[in-house]
2 protein chains.
Amino acid sequence: MSMAEEGVLKGITVLDLTRVVAGPFCGAILGDLGAKVIKIERPEKGDDSRAYAPYINGESLYYANLNRNKYGITLNLKTEQGKEIIKGLVKKADILIENFRPGVMERLGLGYHNLIKINSKLIYGAVSGFGSYGPYKERPGYDIIAQAMGGLMSITGQKGNPPTRAGSAMGDMLGGLNLTIGVLAALQARERTGKGRKVDIALTDCVVASLEQTIQRYVVSGKNPERNGNTYAAIAPYDTFRARDGYVVIGCGNQKLFEAFCRDIMKKPEIIVDARFLTVPLRVENNEELKGMIEEWTSKRSVEEIVNAVLKAQIPASPIFNVEDVVKDPHIAKAREMIVKNSHPVMGEIILNGNPIKILGAMPKIRKPSPILGEDTESILGEYLNISGEEIRTLRKKGVL
Amino acid sequence: MSMAEEGVLKGITVLDLTRVVAGPFCGAILGDLGAKVIKIERPEKGDDSRAYAPYINGESLYYANLNRNKYGITLNLKTEQGKEIIKGLVKKADILIENFRPGVMERLGLGYHNLIKINSKLIYGAVSGFGSYGPYKERPGYDIIAQAMGGLMSITGQKGNPPTRAGSAMGDMLGGLNLTIGVLAALQARERTGKGRKVDIALTDCVVASLEQTIQRYVVSGKNPERNGNTYAAIAPYDTFRARDGYVVIGCGNQKLFEAFCRDIMKKPEIIVDARFLTVPLRVENNEELKGMIEEWTSKRSVEEIVNAVLKAQIPASPIFNVEDVVKDPHIAKAREMIVKNSHPVMGEIILNGNPIKILGAMPKIRKPSPILGEDTESILGEYLNISGEEIRTLRKKGVL
């Protein structure tokens, strides 16, 4: 990865007014890909996530991960001078992202329809719990609300257990990714039309879209899909199986893989011609019996032994990694650079999540650490709006910055 | 939503060589946003997911959801004439996406470096289990493998339970979204540089990126994050709570919300000043006691009663929706159009998942149903390569189409 590489989004300026997770994640992705991202935080407290653990030397590593590659300024959007400053920046920006509750930007006089009067090419990306239209638009939203109302918790978990949240802020992650797609797609349209657009993302919508076949399964059967551990409703065998020393994943996604697994690995060719297991839908229907037969084989062997044997036959299999395994893995952490070091002025050397969007010759890259609150106020306002250091001190005293 | 609306990606042509989930999901998103997507499938069997339930009249609804808005042609890439045809299409395409195992396209003579000789502006997007470089590049990958090796399963599930898969193909969903971002970002760079790029997405990488603060938590503490039900490691109270008739979600993401919840809803202002609960990190540390105190209040009330009272105070709360609730919800299904009807020539009226990328004035839209295998071979090859109906019949007999 050469230092001279340019990110694909070089030349694109993003105003990032977002807080907490979904919005900041979008800003971080755009920054990783080379955009210049200016994060705007309220004076004194800044982003709520600056209060989230884990900490090093009083700074939040949670915040650092989601706000790398951003310049940070403080700005009080409730003051007249604050509004003037943001409008000045909007004139020079390509993209603005925000995740206030719908209506907040309008009440500040900074809604999409006001801002495009200043810059008709502006792409305006909003992400909220339920979006800017529809009966729930006023409801506050967080990741866990989206996972709950988007249906994901109802289908995640072991049989007979309570609804279960995906173990990370998955609703926020999906929201941030969809917002990124929206603003980039709108940017593409702008090349053709010369006009900006408003992108309106709801976390709950994003979770619903991620349910894939679950919706169709319900509509066709009339039966609510239930929590069913690690079994996949559309394919079998495709699950976790009990090994002698833990659990192992084996996935036979098509007939060829299934036949190879029975014949070459388990040495039980009779399963292939068993009337209960002849097709994918039949195997799904009779999955419990099939799983029992496979566990008879897996439970006598170690995870390592099984993974090696199954992979040797080109059939998908894997151990289940914990976070430590991920962080230490030579492929994931090192070769794919999904665990990256970053040097932060207060925290020292820290570990951040890599970016999975590997664009060959223009790799995603962490060019700068997350800002200390207000770190770049002076340099950014000087560069973009020609505001002097003295004016900045005055504005700071007035509570504008 | 006016019929005259153009999608933001109008004018962009995508060759979609992908199968199963992650890749097709990317093609469907690009199509929903207005790109012309040509799906290329092997003759006779087509995409593996054509064999996945649920079915209507012998056609897979699983496939229909992930392949709406695509034209479908069959093509045998192992034949010389098949290679010539795909090269002819590449000349006229903006984006090509594929999810073969790394090396397969190269062995067919259709690798990125060959194709950019034909069209230097081509954006080439690849998605696979582990990516095209690194020690595991040859390993086969599926969603469940990515969820397992990306660490997500290890942190999902109830305390003391086995590692748990997110209930949908989340690794594939994340892969499709990241691939979409990659090709759109590369398209933006092309406007500046005139050159295409290769985007290389690994499902496992995408899952790792979605772990957000979990990685930092492990690195700082040295302790592996454990499965902990619906508790979020960075914020409290932010969880599911036992109600009289089920579970309810309440999320107090900052101090103000927490204080309002204790004072105005539970009428227990003494909790606010309790030394155990003074800050976010303290509440996380003493979450079990705090949760107990909240459940004392929630367990005496119904989900509806709690959600209404808490939302009235502008504090995030929700019920847990099952798939039926989602499909019937006036906000999610109707207003946000996340559950959409589509008319399919064989299946009749079907229900597909909506697209959450709401671009106002250029909404995502289902313009055509998924193709029957090879449905558009004649029209697409006629339009793009001027191949006659008679030639097509000959090519079909030879097994090229």
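Residues numbered from 1 in each chain as written. Chains lettered and ligands numbered in written order. Predicted model: local features only at pLDDT ≥ 70, side-chain atom pairs only at ≥ 80, totals over all residues. Heavy atoms only, no water.

(A) Representation of the state of the cysteines in the model. Residues and elements named next belong to chain A. Under the defined criterion, the tally for this structure stands at zero disulfides over all chains. Unpaired in terms of disulfides, Cys-26 finds its nearest cysteine sulfur in Cys-206, a separation of 11 Å. The cysteine Cys-262 is free of any disulfide, with Cys-252 supplying the nearest cysteine sulfur at 7.0 Å. Of the residues examined, Cys-262 reaches a relative accessible area of 0% and is grouped as buried. (Disulfide = S-S within 2.5 Å. Buried < 20%, exposed > 50% of the residue type's maximum accessible area, 1.4 Å probe, protein only.)

(B) Seen up close, the relation of the copies chain B and chain A. Structural alignment of chain B on chain A gives an RMSD of 0.0 Å, achieved by rotating through 180 degrees and translating 0.0 Å along the axis. Look at the turn and shift together and you get a two-fold axis relating the two. Mapped onto chain A, 100% of the interface residues of chain B again fall at the interface, so both copies present the same surface. (Least-squares fit on C-alpha atoms with pLDDT ≥ 70 in both. Contact = heavy atoms within 4.5 Å.)

(C) Highlighting the pairing of strand β2 (residues 36-41) of chain A. All names here are of chain A. Summarising burial for β2: five of the six residues are buried, a large majority. Considered for its hand, the β-α-β crossover made up of strand β1 (residues 13-16), helix α1 (residues 22-32) and β2 is right-handed. Bridge analysis of β2 against strand β5 (residues 70-74) gives five bridges, and the strand direction is parallel. Within the sheet, the bridge partner assigned to Ile-40 lies in β5 and is Ile-73. (Helix = DSSP H or I, 4+ residues; strand = E, 2+ residues; numbered from the N terminus. Right-handed = clockwise from strand over helix to strand, strands pointing away. Pairing = 2+ DSSP bridges.)

(D) Expanded view of the sheet that holds strand β14 (residues 358-359) of chain B. Ordered in space as β5(A)-β2(A)-β1(A)-β6(A)-β7(A)-β8(A)-β14(B), the seven strands form an open sheet in which the pairing is mixed. Strand pairing shows two members of the sheet lacking a second neighbour, β5 of chain A together with β14 of chain B, which therefore form its edges. As paired strands, β1(A) and β2(A) are joined by four bridges and run parallel to one another. Considered in β2(A), the bridge of A:Leu15 is made with A:Ile38. Running at roughly 155 degrees to β2(A), α1(A) makes contact with β1, β2, β5, β6 (95-98) and β7 (123-128) of chain A of the sheet. Set on the sheet, helix α18 (residues 377-385) of chain A makes contact with β1, β2 and β5 of chain A; between it and β5(A) the angle comes to about 95 degrees. (Axes fitted to C-alpha atoms, helices over the stretch in contact; angles between N-to-C directions.)

(E) Region of interest: the sheet that holds strand β10 (residues 246-251) of chain A. Residues and elements named next belong to chain A. Across the sheet, which stays open at both edges, the three strands sit in the order β9-β10-β11 with antiparallel pairing between neighbours. Sheet topology places β9 (238-243) and β11 (317-319) at the edges, where each strand pairs with a single neighbour. Here the strands of the sheet are splayed against their neighbours by 25 degrees on average, with no regard to which way each runs. Looking at chain direction, β10 and β11 are connected through three bridges and run antiparallel. Across the sheet, residue Val-249 finds its bridge partner in β11, namely Ser-318. Each of β9 and β10 touches helix α14 (residues 287-298); the most contacted strand, β9, lies at about 40 degrees to it.

(F) Geometry of the packing of helix α18 (residues 377-385) of chain B against helix α19 (residues 389-397) of chain B. Residue and element names in this part refer to chain B. Where α18 meets α19, the axes come as close as 10 Å, and the angle between the chain directions of the two elements is 120 degrees. Classified by the angle their axes make, α18 and α19 are oblique. Relative to α19, the crossing made by α18 is right-handed. For the pair α18 and α19, the contacting residues are Thr-377, Glu-378 and Leu-381 in the first and Gly-389, Ile-392, Arg-393 and Arg-396 in the second. Broken down by class, the residue content of the contact of α18 with α19 amounts to two nonpolar, two polar and three charged. (Parallel < 35°, antiparallel > 145°, perpendicular 65-115°, else oblique. Left-handed = near helix turned anticlockwise from the far one by under 90°. Nonpolar A, V, L, I, M, F, W, Y, C, P; charged D, E, K, R; others polar.)

(G) How the structure looks around the interface of chain B and chain A. Contacts between the two partners involve 146 residues from chain B and, on the opposite side, 146 residues from chain A. Summed over both sides, the interface of chain B with chain A buries roughly 12700 Å², with 66% coming from carbon and sulfur. The interface formed by chain B and chain A contains six salt bridges. For A:Arg336, the salt bridge goes to B:Asp200, with nearest N and O atoms at 2.8 Å. Where chain B touches chain A, the interface holds 70 residue pairs in polar contact (both at pLDDT 80 or more). Here the side of chain B that touches chain A is composed, by residue class, of 84 nonpolar, 39 polar and 23 charged. Pairing of strand β8 (residues 198-202) of chain A with β14(B), which is carried by two bridges, proceeds in the antiparallel orientation. Within β14(B), the residue paired with A:Asp200 across the bridge is B:Lys358. (Buried area = accessible area lost by both parts, 1.4 Å probe. Salt bridge = Lys/Arg side-chain N within 4 Å of Asp/Glu carboxyl O. Polar contact = N/O pair within 3.5 Å; in protein donor to acceptor, adjacent residues only side chain to side chain.)

(H) Quick peek at the environment of B:Arg197. Mapped onto the secondary structure, B:Arg197 falls in the loop between α8 (170-193) and β8 (198-202). Ignoring anything within four residues of it in the chain, the contact list for B:Arg197 reads A:Ile359, A:Leu360, A:Gly361, A:Ala362, B:Tyr112, B:Leu122, B:Ile123, B:Tyr124 and B:Ala186. A polar atom in the side chain of B:Arg197 sits 3.2 Å from the backbone oxygen of A:Leu360.

(I) Focus on α1(A). Residue and element names in this part refer to chain A. Of all 11 residues in α1, 11 are buried; the element is thus mostly enclosed. Turning to α1, its buried residues number three or more, namely Ala-22, Gly-23, Pro-24, Phe-25, Cys-26, Gly-27, Ala-28, Ile-29, Leu-30, Gly-31 and Asp-32. Two residues or fewer after α1 comes Gly-34, characterised by a positive phi angle close to 110 degrees.

(J) Representation of the packing of helix α8 (residues 170-193) of chain A against α8(B) within the structure. Running from amino to carboxyl end, α8(A) crosses α8(B) at an angle of 25 degrees, the nearest separation of the two axes being 9 Å. Overall, the two elements α8(A) and α8(B) adopt an arrangement that is roughly parallel. For α8(A) against α8(B), the interelement crossing comes out left-handed. Residues A:Met170, A:Leu174, A:Leu177, A:Asn178, A:Thr180, A:Ile181, A:Leu184, A:Ala185, A:Leu187, A:Gln188 and A:Glu191 of α8(A) pack against B:Met170, B:Leu174, B:Leu177, B:Asn178, B:Thr180, B:Ile181, B:Leu184, B:Ala185, B:Leu187, B:Gln188 and B:Glu191 of α8(B). Looking at the contact of α8(A) with α8(B) residue by residue, the classes come out as 14 nonpolar, six polar and two charged.

(K) Structural view of unusual backbone geometry. A cis amide bond, omega -5 degrees, links B:Ala53 with the succeeding residue B:Pro54. You can see B:Pro54 is positioned in the loop between β2 (36-41) and β3 (55-56). A cis amide bond links B:Ala236 with the next residue in sequence, B:Pro237, at an omega value of -5 degrees. Within the secondary structure, B:Pro237 is located in the loop between α10 (213-221) and β9 (238-243). Here the phi dihedral of A:Glu212 falls at roughly 35 degrees; this positive angle occurs in a residue that is not glycine. Along the chain, the position of A:Glu212 falls in the loop between α9 (203-209) and α10 (213-221). Backbone geometry at B:Asn386 places phi at a positive 60 degrees, although glycine is not the residue there.

(L) Structural context of the environment of A:Ala333. Residue and element names in this part refer to chain A. One can find Ala-333 in helix α17 (residues 330-335). Its relative accessible area of 4% is what places Ala-333 among the buried residues. Non-local contacts of Ala-333, meaning those with residues more than four positions away in its chain, are made with Val-326, Val-327, Met-338 and Ile-339.

(M) Region of the structure containing the packing of aromatic side chains. Enumeration according to the criterion identifies 12 aromatic pairs over all chains in this entry. For the ring pair A:Tyr52 and A:Tyr62, a centre distance of 5.1 Å and an interplane angle of 85 degrees mean the geometry is edge-to-face. Taken together, the residues span a long stretch of sequence, with A:Tyr52 in the loop between β2 and β3 (55-56) and A:Tyr62 in helix α2 (residues 61-66) at a distance of 10 residues. Ring centres of B:Tyr232 and B:Tyr238 lie 5.3 Å apart, and the angle between their planes is 40 degrees; this geometry places the pair in the tilted category. Accessibility classification places B:Tyr232 together with B:Tyr238 in one group, the buried group. In textbook terms, an aromatic cluster arises when at least three aromatic residues are bridged by ring pairs, as seen for A:Tyr142, B:Tyr232 and B:Tyr238. The ring of B:Tyr71 carries B:Lys36 above its face, with NZ or CZ at 4.8 Å from the centroid. The ring of B:Tyr71 carries B:Lys368 above its face, with NZ or CZ at 5.0 Å from the centroid. (Phe/Tyr/Trp six-rings, centres within 6.5 Å; stacked < 30°, edge-to-face > 60°. Lys NZ or Arg CZ within 6 Å of the ring centre and 35° of its normal.)

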